[in-house]
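# What the coordinates show
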Amino acid sequence: TWGQDFTGVGQWSPEKQQAALAAWNKGLGHAYDADRTIAAFKEAGATGVIFYDKWHDGNVPHDTKLTSFKTERDLVGPTIKALRKHGMKIVIYYSVGLDANPEPRFLEWACRDAAGKPMGRAFPTDWMSFHSPYRQYVIDHLVEITKNYGPLDGFWLDIFLQPRIISYDRYTKAAFEK
């Protein structure tokens with residue numbers, strides 16, 4: 001989904017990102033039939049599904065109160081319902097350390113290099129400081145998923161680490177000074 005569709009002329013900005021994502025998100029998943037898809041997986045021999053909730057891009061495909069950066073349609077709920085109906089295992093994937101949510105607070109929570117610039121990785125995404133309020137955001141998100149859709153068979157918490165170089169963001173710096 002990320003590719004040439006979002007390549008534009010001029011300086012990339014949060015506003016351009018929001019506009020591109022809004023266009024991409026329009027109608028996303030409206031043709032998705034969770035029951036038919038899960039039935040086909042089961043017929044093929046699958047015993048469970050790992051369903052991606054929040055990936056490195058920060059976009060959330062479930063109904064959440066924690067961010068407006070989410071898909072128009074809840075894709076997680078119908079999938080979990082179908083998995084239960086067909087007696088299959090449910091694991092929810094969640095990218096912890098990387099997040100490209102364009103809301104300003106996420107930029108505030110990003111790990112920073114010595115020059116004060118956000119530290120990114122693959123794609124246009126930033127490492128998030130686990131010493132910032134982002135840590136509580138992740139915890140609240142996982143609690144929200146469990147309360148809204150649980151019980152689950154597990155979470156896959158991906159990239160549950162910080163950059164391998166020093167982060168100079170104010171949250172990490174204060175934690176290490178303490």
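For the structure itself, look to the data block above.
The text that follows walks through the structure, step by step, so that each part is easy to find.

The rules behind these values
- Residues numbered from 1 in each chain as written.
- Predicted model: local features only at pLDDT ≥ 70, side-chain atom pairs only at ≥ 80, totals over all residues.
- Heavy atoms only, no water.
- Helix = DSSP H or I, 4+ residues; strand = E, 2+ residues; numbered from the N terminus.
- Salt bridge = Lys/Arg side-chain N within 4 Å of Asp/Glu carboxyl O.
- Buried < 20%, exposed > 50% of the residue type's maximum accessible area, 1.4 Å probe, protein only.
- Polar contact = N/O pair within 3.5 Å; in protein donor to acceptor, adjacent residues only side chain to side chain.
- Core = buried A, V, L, I, M, F, W, Y, C linked by side-chain atoms within 4.5 Å.
- Contact = heavy atoms within 4.5 Å.

A cis amide bond links Gly150 to the next residue, Pro151, at an omega of 0°. Tracing the backbone shows Pro151 in the loop between helix H5 (134–149) and strand E5 (154–158).

This part covers the pattern of salt bridges. Under the definition given, this model contains 7 salt bridges. As a salt-bridge pair, Glu72 and Lys26 come within 3.8 Å of each other at their nearest N and O atoms. In this pair, Glu72 sits in the loop between strand E1 (48–54) and helix H3 (76–85) while Lys26 sits in the loop between helix H1 (14–25) and helix H2 (34–43), placing the two residues 46 residues apart along the sequence. Assessed through its relative accessible area of 63%, Lys26 is described here as exposed. The partner of Lys70 in a salt bridge is Asp63, with the nearest N and O atoms 3.2 Å apart. The class for Lys70 is partly exposed, based on a relative accessible area of 26%.

What follows covers H2. Where H2 begins, the side chain of Asp33 points an oxygen toward the backbone nitrogen of Asp35, at a separation of 3.2 Å. Gly45 sits one or two residues past H2 and shows a positive phi near 110°.

This brings us to the nonpolar core. Ranked by internal contacts, the top residues of the largest apolar core, which has 28 residues, are Ile80, Ile92, Tyr94, Trp109, Tyr134, Tyr137 and Val138. Counting residues per element, the ones that place at least two in this core are H2, E1, H3, strand E2 (89–95) and H5. A total of 6 residues in this core trace back to one element, the largest contributor, which is H5. In contact with Ile92, not counting residues within four places along its chain, are Phe51, Asp53, Val76, Ile80, Ile145, Leu152, Gly154, Phe155 and Trp156. Leu98, Cys111, Trp127 and Ile159 belong to the second largest nonpolar core, which has 5 residues in total.

Honestly, that's just the spatial picture; any functional story needs more than this.
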